[in-house]
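Residues per chain, in single letters:
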Amino acid sequence: MRIVAGEARGIRLAPVPEGVRPTTDRVREALFNSLGQFFDGGEVLDLYAGTGALGIEALSRGCDGATFIEKSGRTAAVILENLGRARFERRAEIIRGDVRGEVERLVREGREYHLIFADPPYRIAQSEIGEVLPLLMKLLAPGGRIVVESGDSLVAEQIPSAKVVSRRYGGTVVTIFEGSVPTMNVAICPGSFDPVTSGHLDVIRRASALFDHVVVAVGHNTRKKTSKLPADDRARLIEKVTKPLDNVSVEIMEGLLVNFAREQGARVVVKGLRAGSDFEAEFQQAQLNRTLYSDFETVFIMAAAEHSFLSSSAVREIASLGGSVKGLVPENILETVQSSYYEPMERPGSDGR
Ligand code: PNS
C-alpha cells in the first residue's frame with residue numbers, strides 16, 4: 001500500500017497487521033477523487049483507523065492535522081510507523097481506545113473536524129455506526145463530510161437531515177454525509193443576566209437588527225457567585241422585555257458556550273462593551289472560545305453612552321438595599337426586579353438579639 005497523492009505521494013506504508021482490512025489503494029484514490037482530491041487545511045478524524053492510511057492520505061493532500069482512534073495497541077504502533085514514514089508525526093494524534101467512548105469525549109471537549117472517516121471492521125455491528133453517526137454530526141465543521149465504508153449500502157436513514165451520497169466500489173460501499181452550512185445568520189447573546197438591564201436590552205435590540213436571528217443564552221458564570229434568581233426566572237424576564245423583537249428567542253445555556261452555539265447553528269457571539277475595563281476579560285474569552293471552535297467569531301457592540309456605567313451587579317446592590325432601579329432596567333420588569341432582589345435588613349428579634 002502506498003500514499004496515492006499529495007506531499008507524501010508514493011510513500012510505501014508498513015505491512016498491514018493481521019486482522020486489519022484496509023481500504024485498497026484503488027478505492028482510496030476513487031474516494032479522494034469524489035471528495036475533491038486536495039484540501040485547504042482543516043482537521044481529519046480517522047475512526048477504526050487500522051493502518052491509518054485514510055487519515056495519512058488526507059494529511060498528504062493538505063489537511064492540517066489528524067486524529068486517529070484505534071483500539072489495538074499493535075495496530076496503533078503501525079499507524080505511528082506509517083506517520084513516521086510520511087514524516088507526519090507532528091501533525092497527528094493517536095488515541096488508543098473504544099470509538100464510541102472516545103467520540104463522546106471529543107464531543108464533550110467541543111472538537112471540530114472537516115473530514116471524518118469511519119471504516120469499521122466487518123465484525124463491528126452496523127448498529128454501532130448507527131449510534132455513533134449522530135455524535136459524529138456534532139463534531140462536523142460547517143460543510144464538513146463524514147465518510148463511512150461498509151459491506152452494503154447502509155445507515156443513510158440514520159441522519160435524515162444530512163445530505164447523503166452512496167457509491168459502490170467493488171465490494172465496498174462508501175457513504176458520504178455532508179454537514180450543513182448554516183444559511184441563516186444566527187448570533188448568540190450570552191450572559192448571566194442577573195438581572196437583565198436596559199443596557200443588555202439595548203445590545204440585544206441592536207444585535208437583532210444585524211442578524212437574522214438572535215438567541216439570548218442565559219448562562220452561569222462560574223467566576224461569579226450563585227444567582228439569587230434561578231435561570232428560568234431570569235429567562236422569563238428577558239422574554240418579557242424582548243417580546244416586541246420577532247427574531248429574538250431566549251434559551252437556558254448549560255455547559256460551554258461554543259457547544260451551545262453549535263447546537264443552535266450559530267457561529268457568532270455578540271457581546272456588549274461598556275468601557276476599556278471590560279475589554280481584557282472579553283478579549284480573553286473570545287480567544288479561548290476560538291481555540292475551542294475555530295470558526296467562532298465574537299462581535300462587540302459598544303454600549304450606548306447612557307448605559308456605560310450600568311451593570312447587573314449595581315442593579316442588584318441598589319435593589320437589595322431598597323433603592324429605586326427605575327431607568328436601569330426596562331420599565332415592564334421594574335417591579336419584579338425591585339421585589340425579587342430586595343433583601344430586607346435583619347432587625348433585632350424580640351429576644352433582644
Ligand atoms: O454576564 P456574564 O456573567 O459576563 O456572562 C458570562 C457568560 C455566562 C457568558 C460566560 O461565563 C460563559 O460563556 N459561560 C459558559 C461557559 C463557557 O463557555 N466558558 C468558557 C468561556 S471562556
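Residues numbered from 1 in each chain as written. Predicted model: local features only at pLDDT ≥ 70, side-chain atom pairs only at ≥ 80, totals over all residues. Heavy atoms only, no water.

Asker: Would you mind showing me how to read the overall build of the protein here?
Answerer: Summing up its helical and strand segments, the protein has 11 helices and 12 strands in all. Relative to its length of 353 residues, the protein is extended, with a C-alpha radius of gyration of 26 Å against a globular reference of 20 Å. Over its C-alpha atoms, taken along the principal directions, the protein stretches across nearly 85 × 50 × 40 Å. Taking all 353 residues of the protein together, the buried fraction comes to 47%. A fraction of 70% describes how many contacts in the protein between residues 6 or more apart in sequence connect residues 24 or more apart. When the accessible surface of the protein is totalled, it reaches about 18100 Å², and 50% of it is carbon and sulfur. (Helix = DSSP H or I, 4+ residues; strand = E, 2+ residues; numbered from the N terminus. Rg over C-alpha atoms; globule rule 2.2 N^0.38 Å. Buried < 20%, exposed > 50% of the residue type's maximum accessible area, 1.4 Å probe, protein only. Contact = heavy atoms within 4.5 Å. Areas by Shrake-Rupley, 256 points an atom, 1.4 Å probe, with all protein chains shown as cover.)

Asker: Is there a simple way to think about the packing of aromatic side chains in this case?
Answerer: The geometry of two aromatic rings is summed up by the distance between their centres and the angle between their planes. Under the criterion given, the structure shown has 4 aromatic pairs. Centre to centre, the rings of Phe 279 and Phe 283 are 5.3 Å apart; their planes meet at 25°, and the pair counts as stacked. Here Phe 283 and Phe 279 lie together in helix H9 (residues 276-292), a separation of 4 residues that amounts to about one turn. Pairing Tyr 293 with Phe 296 gives two aromatic rings, centres 5.2 Å apart and planes at 20°, and the pair type is stacked. Comparing Tyr 293 with Phe 296 shows no difference in burial state: the two are buried. By the ring-pair criterion, three or more aromatic residues cluster together here, those being Phe 32, Phe 39 and Phe 117. For the cation-ring pair, Arg 91 lies above Phe 88, with the distance from its terminal atom to the ring centre recorded as 4.7 Å. Lying over the aromatic face of Tyr 293, Arg 262 brings its terminal NZ or CZ to 4.3 Å of the ring centre. (Phe/Tyr/Trp six-rings, centres within 6.5 Å; stacked < 30°, edge-to-face > 60°. Lys NZ or Arg CZ within 6 Å of the ring centre and 35° of its normal.)

Asker: Any chance you could explain the sheet that holds strand S10 (residues 248-252) here in plain terms?
Answerer: Two orientations exist for strands paired in a sheet by backbone hydrogen bonds: parallel and antiparallel. A sheet is described by the order of its strands in space; here 5 strands give the open sequence S10-S9-S8-S11-S12, paired in parallel fashion. The sheet is open, and its two edges are formed by S10 and strand S12 (297-302), each paired on a single side. Adjacent strand axes in the sheet meet at a mean angle of 30°, parallel and antiparallel pairs treated alike. Bridge count between strand S8 (residues 186-191) and strand S9 (residues 213-218): 6 bridges; the pairing is parallel. Across the sheet, residue Cys 189 finds its bridge partner in S9, namely Val 216. Contacts from helix H6 (residues 198-210) reach S8, S9, S10, strand S11 (268-273) and S12, with the element oriented near 125° to S12. In this fold helix H7 (residues 231-242) packs onto S9 and S10, with an angle of close to 175° to the strand it touches most, S10. (Pairing = 2+ DSSP bridges. Axes fitted to C-alpha atoms, helices over the stretch in contact; angles between N-to-C directions.)

Asker: Can you walk me through the pattern of salt bridges in this structure?
Answerer: Two side chains of opposite charge can pair, provided their charged atoms sit close to one another. All told, the structure shown has 20 salt bridges when counted by the stated rule. With its nearest N and O atoms 3.0 Å apart, the salt bridge here joins Asp 202 to Arg 206. Here Asp 202 and its partner Arg 206 are both found in helix H6, 4 residues apart, which amounts to about one turn of the helix. Residue Asp 202 is classed as buried on the basis of its relative accessible area of 13%. (Salt bridge = Lys/Arg side-chain N within 4 Å of Asp/Glu carboxyl O.)

Asker: Please explain the side chain of Thr 51 as it appears in this structure.
Answerer: By the element assignment, Thr 51 lies in the loop between strand S1 (43-47) and helix H2 (53-60). By relative accessible area, Thr 51 is classed as buried at 3%. Residue contacts for Thr 51: discarding those within four places in its chain leaves Met 1, Val 16, Pro 17, Val 20, Pro 22, Ile 56, Ile 79 and Asn 82.

Asker: I tried to follow the site of the ligand on my own but got confused; where do I start?
Answerer: Around the ligand, the neighbouring residues are Pro 190, Gly 191, Ser 192, Asn 221, Lys 224, Met 253, Gly 255, Leu 256, Leu 257, Gln 285, Leu 288 and Asn 289. A distance of 2.5 Å separates an oxygen atom of the ligand from a polar atom in the side chain of Ser 192. Note that an oxygen atom of the ligand is positioned 2.9 Å from one of the side-chain N or O atoms of Asn 221. Protein contact buries 82% of the 550 Å² of open area that the ligand shows by itself. (Near = heavy atom within 4 Å. Polar contact = N/O pair within 3.5 Å; in protein donor to acceptor, adjacent residues only side chain to side chain.)

Asker: Sorry if this is basic, but what is going on with the environment of Ile 301 here?
Answerer: Take Ile 301: it is sitting in strand S12. Expressed as a C-alpha distance, the spacing of Ile 301 and Ala 53, which sit 248 residues apart in the sequence, is 47 Å. For Ile 301, the residues in contact, after removing those within four places along its chain, are Val 203, Arg 206, Ala 207, Leu 210, Val 270, Lys 271, Gly 272 and Leu 273.

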